[in-house]
Amino acid sequence: MSPEPLLEIAGLVKRFGGFRALDGVSFSLGPGEVLGLVGPNGSGKTTCINVISGLYAPDGGEMRFAGRPLGGNAMHRRARLGINRTFQSPRPFASLSVRQNVELAAFYGHAEGPRADIPALLASLDLDSLAPRRAEDLNSAQQKLLDLARALATAPRLLLVDELAAGLNPAELARMAERLRALARGGMALLVVEHLLGFLESVTDRVIVMNAGREIFEGDLSAAVRHPEVVRVFLGSDHAG
Ligand SMILES: Nc1ncnc2c1ncn2[C@@H]1O[C@H](COP(=O)(O)OP(=O)(O)OP(=O)(O)O)[C@@H](O)[C@H]1O
Ligand SMILES: [Mg+2]
């Protein structure tokens, strides 16, 4: 792990009414590191991304980014700070083109510094031939790529991805894994929520396993799948393998 974490989270709590979707989550993540977030449906993975990205305000705990407390800033401000995310169900501007969607993100979400090279970004995600197409005409795998392009257009230092691999075929999965590793090699910190264990194995440096809003394991994926509580939590789940 990096000696100076980019993201530090301690005792994070998020309540919906009386229900604790996050019940004291703590971890840290350094530049160039890929942390997987695993857990059964409803365990709080997306909520974790929603709180870190500023979509939801936490009800307790602390978050620090690049050494500074993350206060109550909203998602667009977090994007300018260098935090962006993809969505489990992407919602692009349907009637705008792929290129326009990415240009909008680059324009509104970018911090100071050089602007993203949008043609190169689209090409790197195999979206160049789709650039003039309306977002609503893309299939779901292509919409996930567009959502990733939108997030990357803001040049994040911390990227949070929520089930990006769902629906990709094996060749697309391998390409996506390589893309995420390349982003990490460039110094980006990544939090990767995913159910597919093979994909996690190829992408992550370590994983956190969540259950009912709490962390039940942190370490190597190979150790996670042998950990008794992790095995117990996943038995009976649709996503055991
Ligand atoms: N906006 C919300 N209002 C009320 N409850 C919510 C809200 N968002 C999430 N929850 C609840 O919080 C819990 C955690 O949800 P979350 O979406 O974080 O799970 P998840 O681990 O991402 O699950 P999945 O693998 O199905 O995507 C669930 O019980 C969910 O119903
Ligand atoms: Mg989710």
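Residues numbered from 1 in each chain as written. Chains lettered and ligands numbered in written order. Predicted model: local features only at pLDDT ≥ 70, side-chain atom pairs only at ≥ 80, totals over all residues.

**Examining helix H3 (residues 98–109)**
Given a rise of 1.5 Å per residue, 12 residues ought to cover 16 Å, and the 16 Å separating the end C-alpha atoms of H3 matches this to within 8%. Considered for burial, the residues of H3 that qualify are Val98, Arg99, Asn101, Val102, Ala105, Ala106 and Gly109. Considered in projection along H3, the buried side chains sweep an arc of 165° and stay on one side of the axis. Within H3, the exposed residues directed more than 90 degrees away from the buried face are Phe107 and Tyr108. Structurally, H3 contributes buried residues whose contacts are with helix H2 (75–81), strand E6 (83–85), helix H4 (118–124) and helix H5 (140–152). (Helix = DSSP H or I, 4+ residues; strand = E, 2+ residues; numbered from the N terminus. Expected span 1.5 Å × (residues − 1). Buried ≥ 20, exposed ≤ 12 C-beta atoms within 10 Å, placed from the backbone. Arc of directions from axis to C-beta. Contact = placed C-beta atoms within 7 Å.)

**Things to note about the sheet that holds strand E8 (residues 189–193)**
Pairing is mixed in the open sheet, where 6 strands are placed in the order E6-E7-E8-E3-E9-E10. Of all strands in the sheet, those with a lone pairing partner are E6 and strand E10 (214–219), marking the two edges. Each adjacent strand pair in this sheet contributes to an overall mean axis angle of 20°, direction not counted. As paired elements, strand E7 (residues 158–162) and E8 share 5 bridges and run parallel to each other. Of the residues in E8, the one forming a bridge with Leu159 is Leu190. (Pairing = 2+ DSSP bridges. Axes fitted to C-alpha atoms, helices over the stretch in contact; angles between N-to-C directions.)

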